[in-house]
Amino acid sequence: VVSRKTQHKRHRQPNMSDPAPRYPPGHDPRTVESSADIKFNLGDIDGAKMVYQQALLDWVDEARESASADTEGMKRAVADLWIGFASLSRKANRLKGATEAFEGAVSCEIAGRDGKVWLEYAKYQEERNRHKTAQKIYLRALVGDDKNGGGGAGGGE
């Protein structure tokens, strides 16, 4: 028997409400998601997008300049933030916006090397029955991508 909670989790994009990830102090994507959800629920979709966009600008800069011991945690936070941003567009039924957010994520020098970002992007395309597009995303992740300097999820370093 599958509980309602399990069914809901299965169909939800990034599950940033899971307690497993640990993020650096002040960089928990769930906080941004909560702030954006408040605006979204009030009908302010553009305001919700701005919450994500501002956090992404700040966090990517901080991750780029960071010499902290928790660089992996910061990379994870930025990747999850991008995935949450794409999910916001999906929730608003702005599918082009979701695709643009995923392209931004895979092109991001911080998040673009995270396999989870690529996987979520490909799964998003599969859910839209865009299987050839999903296949191309998987290939870009594996062999590199001219759009992000040849990186892909595997690096390119």
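In what follows, the structure referred to is the one given above.
Basis of the calculations
Residues numbered from 1 in each chain as written. Predicted model: local features only at pLDDT ≥ 70, side-chain atom pairs only at ≥ 80, totals over all residues. Heavy atoms only, no water. Helix = DSSP H or I, 4+ residues; strand = E, 2+ residues; numbered from the N terminus. Buried < 20%, exposed > 50% of the residue type's maximum accessible area, 1.4 Å probe, protein only. Contact = heavy atoms within 4.5 Å. Areas by Shrake-Rupley, 256 points an atom, 1.4 Å probe, with all protein chains shown as cover. Expected span 1.5 Å × (residues − 1). Patch = residues over 30% accessible without salt bridge, like charges linked within 9 Å, V, L, I, M, F, W, Y side chains within 5 Å. Salt bridge = Lys/Arg side-chain N within 4 Å of Asp/Glu carboxyl O. Axes fitted to C-alpha atoms, helices over the stretch in contact; angles between N-to-C directions. Parallel < 35°, antiparallel > 145°, perpendicular 65-115°, else oblique. Left-handed = near helix turned anticlockwise from the far one by under 90°. Nonpolar A, V, L, I, M, F, W, Y, C, P; charged D, E, K, R; others polar.

S.K.: Got a minute to help me understand the overall build of the protein in this structure?
M.R.: Along the protein, the regular secondary structure elements total seven helices and zero strands. Shown N-terminal to C-terminal, the secondary structure of the protein runs as helices and strands in the order α-α-α-α-α-α-α. When each of the 157 residues of the protein is scored for burial, the buried share is 42%. Within the protein, residue pairs in contact and separated by at least 24 positions form 55% of the contacts whose partners lie at least 6 positions apart. Accessible area for the protein stands at about 9100 Å²; split by element, carbon and sulfur atoms hold 51% of it.

S.K.: Mind showing me how you'd approach helix H4 (residues 71–91) here?
M.R.: Each full turn of the α-helix corresponds to 3.6 residues, which orients residues three or four apart in the same direction. Its 21 residues give H4 an end-to-end C-alpha distance of 30 Å, which sits within 8% of 30 Å, the value for a rise of 1.5 Å per residue. The buried fraction of H4 is high, at 16 of 21 residues. Just downstream of H4 lies Asn93, where phi reads positive at about 60°.

S.K.: Just to check I follow, could you spell out a nonpolar patch on the surface for this structure?
M.R.: Taken together, the side chains of Leu139, Leu142 and Val143 make up a nonpolar region of the molecular surface, amounting to roughly 350 Å² of accessible area. Looking at the secondary structure, you find Leu142 in helix H7 (residues 131–143).

S.K.: Would you mind showing me how to read the packing of helix H2 (residues 29–41) against H4 here?
M.R.: Describing two packed helices takes the angle between their axes plus the distance from one axis to the other. The contact between H2 and H4 brings their axes to 9 Å, and the two run at 20°. Compared by their axis directions, H2 and H4 come out roughly parallel. The interaxial crossing formed by H2 with H4 has right-handed handedness. Along the contact surface, H2 presents Pro29, Val32, Asp37 and Phe40, while H4 presents Ala77, Asp80, Leu81, Leu88 and Lys91. Looking at side-chain class alone, the contact of H2 with H4 contains six nonpolar, no polar and three charged residues.

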